[in-house]
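What the coordinates show
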Amino acid sequence: MTDRIVHMFDTVAKQGHGSVWTVLFIGFVFGAVILYSRLDKFEKMAGFMIFEDTLVPRMAMTTVALSSLGFYILVQTGYASYSVKPVLLAGLITGAILFGIGLVILGKCPSAFFVSVSEGRIDALVGVLGGMVGGAVFTLFYPQIKNLMGPDLGKLQIFHYFEDHALLVVLIFSTILLITAYLLPTIEYKDPADFNEN
């Protein structure tokens, strides 16, 4: 297990993502955006799950739309690269179910956990520790788990069906998401617990 962890850091270090300080700066900016938008709060995710808050889907749609277009441009100009992972159907379905269960119980996406921990939230710390334990278990038993993750459907991409129109696909996809995010009504969930404290 130790060898795999060392190999993981060694692989990342050789991929040319920039200095550690650049990565840290990007991480701090990302955390600041999450704090500013309050996406690290349990009530925001809870409100989204009961269809009483639209901040989460609007932020997600806007982020995916802009990052899709930006990432496509970076790849085409040679400033970025990516490797598509194969679609392992059983693993994908199982992972989605486990992710959904964790999201409902803790009311946060994995990226928001660390922001919440920095605010001193114990529930988020429990989530981080649980994620680390889950990651360790997955690493230790990967040879056995790997056999249960099929069938392998290959590295599927929408681009494969529109080989000569990749930019058009990205533009249409991003435009649909941005329009949908704009048209969604602004609804903000108010946690009843906040009013009961007074």
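A short tour of the structure in this document, coming up. None of these values were measured; they are calculated from a predicted model.

1. Description of the overall build of the protein
- A tally of helices and strands in the protein yields ten helices and zero strands.
- Secondary structure elements in the protein, listed N-terminal to C-terminal, are α-α-α-α-α-α-α-α-α-α.
- Contacts spanning at least 24 positions in sequence make up 70% of the contacts within the protein whose residues lie at least 6 apart.
- By element, 72% of the accessible surface of the protein is carried by carbon and sulfur atoms, the whole surface being about 14,300 Å².

2. A look at the pattern of salt bridges
- Under the counting rule described, the total for this entry stands at one salt bridge.
- Lys108 serves as the salt-bridge partner of Asp123, at 3.2 Å between the closest nitrogen and oxygen. Within this pair, whereas Asp123 is found in helix 7 (residues 122-140), its partner Lys108 is found in the loop between helix 5 (89-106) and helix 6 (110-118), the two being separated by 15 residues in sequence.
- Assessed through its relative accessible area of 32%, Asp123 is described here as partly exposed.

3. Brief notes about the environment of Phe71
- Following the sequence through the fold, Phe71 ends up in helix 4 (residues 55-76).
- We classify Phe71 as partly exposed; its relative accessible area is 36%.
- Sequence separation between Phe71 and Tyr82 is eleven residues, and the spatial gap between their C-alpha atoms is 9.6 Å.
- When sequence neighbours within four positions are dropped, the list of residues in contact with Phe71 reads Ala80, Ser81 and Tyr82.

4. Notes on the packing of helix 3 (residues 42-49) against helix 4
- It is the contact of helix 3 with helix 4, at a shortest axis distance of 8 Å, that shows an interaxial angle of 95 degrees. Relative to helix 4, helix 3 is oriented roughly perpendicular. Between helix 3 and helix 4, the contacting residues are Lys44, Met45 and Phe48 on the first element and Leu55, Val56 and Pro57 on the second.
- The class makeup of the residues in the contact of helix 3 with helix 4 is five nonpolar, no polar and one charged.

5. A word on helix 9 (residues 166-183)
- If you check helix 9, its first and last C-alpha atoms are 26 Å apart, about what 18 residues at 1.5 Å a residue would give, namely 26 Å.
- When we look at burial in helix 9, the residues that qualify are Ala166, Val169, Val170, Ser174, Leu177 and Ala181. Summarising the axial view, the buried residues of helix 9 lie within an arc of 120 degrees, below the 170-degree limit, and thus occupy one face. Facing away from the buried side of helix 9 by over 90 degrees, the exposed positions are Tyr182 and Leu183.

6. What about the layout of surface pockets?
- Estimated volume of the largest pocket: approximately 760 Å³.
- Around the largest pocket, the lining comprises 25 residues; the ones closest to its centre are Gly95, Leu98, Phe99, Gly131 and Gly134.
- Of all the elements in the fold, those that place two or more residues in the lining of the largest pocket are helix 5, helix 6 and helix 7.
- Split into classes, the residues belonging to the lining of the largest pocket amount to 15 nonpolar, nine polar and one charged.

7. Section: the environment of Ala166
- Assignment of secondary structure puts Ala166 in helix 9.
- Judged by its relative accessible area of 15%, Ala166 falls in the buried class.
- Taking the C-alpha atoms as reference points, Ala166 and Tyr72, separated by 94 residues in sequence, lie 9.0 Å from one another.
- In this structure Ala166 touches Tyr72 and Phe159, once residues within four positions along its chain are discounted.

Cut-offs used in this document
- Residues numbered from 1 in each chain as written.
- Predicted model: local features only at pLDDT ≥ 70, side-chain atom pairs only at ≥ 80, totals over all residues.
- Heavy atoms only, no water.
- Helix = DSSP H or I, 4+ residues; strand = E, 2+ residues; numbered from the N terminus.
- Contact = heavy atoms within 4.5 Å.
- Areas by Shrake-Rupley, 256 points an atom, 1.4 Å probe, with all protein chains shown as cover.
- Salt bridge = Lys/Arg side-chain N within 4 Å of Asp/Glu carboxyl O.
- Buried < 20%, exposed > 50% of the residue type's maximum accessible area, 1.4 Å probe, protein only.
- Axes fitted to C-alpha atoms, helices over the stretch in contact; angles between N-to-C directions.
- Parallel < 35°, antiparallel > 145°, perpendicular 65-115°, else oblique.
- Nonpolar A, V, L, I, M, F, W, Y, C, P; charged D, E, K, R; others polar.
- Expected span 1.5 Å × (residues − 1).
- Arc of directions from axis to C-beta.
- 1 Å grid on protein atoms, 1.4 Å probe; cavity = no way out; pocket = protein on both sides within 12 Å on 5 of 7 lines; lining within 4 Å.
- Points joined across faces, edges and corners; volume = space filled by probe spheres on them.

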